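# Tertiary structure, described
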Amino acid sequence: MSMDMTYFEEMEAKIPTGGVRTRFAPSPTGYMHVGNLRTALYTYLIARHAGGTFILRIEDTDQGRLVEGATDVIYKTMAECGLTHDEGPDIGGPVAPYIQSQRRDTYKKYAELLIHRGHAYRCFCKDGEGDHVNDLGDGLTVKRHICGCGLLTQEDIQARLDAGESYVIRQRMPFEGTTTFHDAIYGDITVKNEQLEDQILLKTDGLPTYNFANVIDDHLMGITHVVRGSEYLSSAPKYNLLYEGFGWQVPTYVHCSPVMRDQHNKMSKRHGDPSYEDLKAQGFLTEAILNYVALLGWSPRGDIAEEEVFSLEELVKVFDTAGISKSPAIFDIEKLTHFNALYLRAMGAEDFAKLAEPYIRQSVKNPAIDAARVAGLLQARCEKLTEIPEKVDFFDALPDYERDLFVNKKAKTTLEVSAEMLNAAISALEALPEWTEERVHGALINLAEQLGVKNATLMWPVRIAAAGKTVTPGGAVEICAILGREETVRRLRLGLEKVGA
C-alpha cells in the first residue's frame, strides 16, 4: 500500500544541521531534583563547550502524573542557574512546538510511517492479552508481547477499525540476532533481541509513550547528543531499532550513572531527599549547588585535575564527557556545605551583606543594629545562609543564660574574677569620649594591661555578658561596638548582677 511521503519530506527539510545540538527534556511531574539538575547542566555544558545549541523541551505525554506549576519550576530553576536555552516553549525556535502534547499529530503520522515500513503494527489486544514471560535460562526471564495482531491482513485491520475497536501501536522487535549500541561513557553494549519486548509506541488515547516521542523529537529537532540517566541503558537498543527502522542516524548517547543517597539507594523525593528548591531554602547558593552537582559523577582532567571550584563559565571551558564516571555518585550534604562556605567567603563584602541582610533581619528586628556590620562578623564564620538568624539573634535581645557561662578554665575566669572584670570594663567603657570599634578595642586592651591579666580573662566575661552565648560571630569588641554604649553597659550590668556582685 502506497503512502504519501510529502509530509515527511517537508519535516526532514526543517531539521537544523551542522553543529552540536543538545536538549534538556524534563517531565513536569514534580520538582527539579539533583539528578534532573545534573542532566540539565551536563546537557548545557556539552552544547556550550562546542559552541552549539541548547534546547528545552517539555515532555508532558504522561498526563496522569502532571503536577500543576511544575513547568514554571523548571523555567525558574534554569533561569536562576544560568542554564539559558536557545530554543524552547517560551521563546520558540525553528522546530517548534517544544511541548510534546502539542506534537500529537506528528507522532501519529510517524507511527503510521513505521507501520508502513514494517517495523510496527496495530495491536488490538486488551490489557494483559498476549503478554508472556520468556525463560532465557540461568534465572533470567524477560517479558514479551506475543500475539497475532502483527500478522493481521489489511482487510482484517480495516474491519476492526470500522467496528470501532481500540488499539495501540507496537514496535515490531526482531526475535533473533543481537542489537549493539555505542555509548560515550559505557562504550559498545550488545543485547540479544530475544530480550526486547514489542513496546507500545502509541497509546489508545493517541498520545505517544516516552520511548517513542523522544526518538521522534530528537530526530526532528536535530539533536546530536542525548544525555540521560544510566537507567535508560536497557532501553537504548529499542531506540536504536527505531532509528534503524526509520533509516535515521543515531545520536551520540551519554548515559550518566545515578546520583545516590547512599551506597544502596538512589536519591528520591519520596525519601525526603532535597530538590534544587529545597537546597535553596536550606541556605545554599545557586553557584555552590551547580559547582557541586557538576562534580557528582564528573571530574576535570589534565592540569586542572585537582581543582574543585568552577564557575559556570569555567565549566563551559573545561567540561569534557570523557571525565564522566561510570560509578554512581553519592550526594554528600557536608561536601555541598563545604562548597557553599567557600563561595560565601569569596564574595565581596557588600554583596555578602546584601545577601545576608534578610536572614539577619529574621531575628534582629531592632533598626538601630547595623545589619551590614553584623554581616561583616558573619562572612568568615558562615557556611549556610539559614544559620544566620540563630547566630545573631542576641543582637536583638539578650537571651536568658546561666551564670556558669562566665566560668572558663582556658580564660582563667571564675565568678569572682568575672565580677571584677565586668566592674572595671563598665567604668572604662562609660568613660569613652567616642564609641567606635577602635576606641572600644583600645579601652579594653589597655584595661587588661592595667589589671595585669591576659586579654582573654577580660574579654570572656565581657562577651558573655554582651551576648549571653559562648559561641558568637565576632568577639567582645566587635559585639559591643555594634550594640552601642547604652545597650552594652546595660548588658554588662545585668551580667554583674548574674555573677552575684
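The structure reproduced in this document is the subject of the present report. Every chain is numbered on its own, with residues counted from 1 as its sequence reads. pLDDT decides what is reported in this predicted model: residues at 70 or higher carry local features, side-chain atom pairs at 80 or more are listed and counted, and totals for whole chains, interfaces and linings draw on all residues regardless. Just so you know, side-chain values use all the structure's heavy atoms and leave hydrogens and water out.

### Looking at the nonpolar core
Here, the term nonpolar core denotes a set of buried Ala, Val, Leu, Ile, Met, Phe, Trp, Tyr and Cys residues that are joined through side-chain atoms within 4.5 Å. With a 1.4 Å probe rolled over the protein chains alone, any residue whose accessible area is under 20% of its type maximum counts as buried; one over 50% counts as exposed, and the rest are partly exposed. If you look at the biggest cluster of nonpolar residues, it comprises 105 residues, and the most contacted ones within it are Leu 83, Ile 360 and Phe 395. By definition, any uninterrupted DSSP run of H or I lasting at least four residues is a helix, any uninterrupted run of E lasting at least two residues is a strand, and each is numbered from the N terminus. Among the elements that line this core, the one with the most residues is helix 2 (residues 34–49), at nine residues. Phe 8, Ile 15, Ile 55 and Val 226 belong to the second largest nonpolar core, which has 39 residues in total.

### Re the pairing of strand 1 (residues 21–24)
Residues Arg 21 and Arg 23 of strand 1 are buried on one face, and the alternating residues Thr 22 and Phe 24, pointing to the opposite face, are buried as well. Relative to strand 2 (residues 53–56), strand 1 runs parallel, the two sharing four bridges. Its bridge partner being in strand 2, Arg 23 is matched across the sheet by Ile 55. In this region the chain leaves strand 1, passes through helix 2 and returns to the parallel neighbour strand 2; the handedness of that crossover is right-handed. Criterion used throughout: strands pair if DSSP finds at least two bridges between them. By convention, a crossover is right-handed whenever its connection, traced from the first strand over the helix to the second and viewed with the strands pointing away, goes clockwise.

### A closer look at the side chain of Thr 337
For Thr 337, the position within the fold is in helix 11 (residues 333–346). Taking the relative accessible area as the measure of exposure, Thr 337 reaches 12% and is therefore buried. Excluding its chain neighbours within four sequence positions, the residues that come into contact with Thr 337 are Phe 284, Glu 383 and Lys 384. Contacts are assigned to residue pairs that have any heavy atoms within 4.5 Å of one another.

### Some points on the pattern of salt bridges
The salt bridge criterion pairs a side-chain nitrogen of Lys or Arg with a carboxyl oxygen of Asp or Glu, the two atoms within 4 Å. Evaluation of the coordinates by the stated rule reveals 19 salt bridges. In this structure, Arg 122 engages Glu 112 in a salt bridge whose closest nitrogen and oxygen atoms are separated by 2.6 Å. Of this pair, Arg 122 sits in strand 3 (residues 120–123) while Glu 112 sits in helix 4 (residues 104–116); the two residues are ten residues apart in sequence, bridging distant segments of the chain. The residue Arg 493 makes a salt bridge to Glu 430 at a minimum N-O spacing of 2.8 Å.

### Let's talk about the packing of aromatic side chains
Put simply, two rings from Phe, Tyr or Trp (the six-membered ring, in Trp's case) pair if the centres are within 6.5 Å, and we call them stacked under 30 degrees between planes, edge-to-face over 60, tilted for the rest. Scanning the entire structure with this criterion turns up 18 aromatic pairs. Clustering of aromatic rings is evident, with ring pairs tying together Tyr 7, Phe 8, Tyr 110, Tyr 243, Phe 246 and Trp 248. Working rule: Lys NZ or Arg CZ, within 6 Å of ring centre, within 35 degrees of ring normal, means a charge sits over the ring. Between Lys 109 and the ring centre of Tyr 7, over which it is positioned, the NZ or CZ distance is 5.1 Å. Across the ring face of Tyr 401, the terminal group of Lys 498 is positioned such that the distance to the ring centre comes to 4.7 Å.

### Concerning the environment of Pro 258
Take Pro 258: it is sitting in the loop between strand 11 (252–256) and strand 12 (259–260). Put simply, Pro 258 and Ile 99 are 159 residues apart on the chain and 26 Å apart in space, counted from C-alpha to C-alpha. Aside from chain neighbours lying at most four places away, what touches Pro 258 is Arg 38, Ser 230, Lys 266, Pro 328 and Ala 329.

Treat this as a map of the structure, not an account of what it does.
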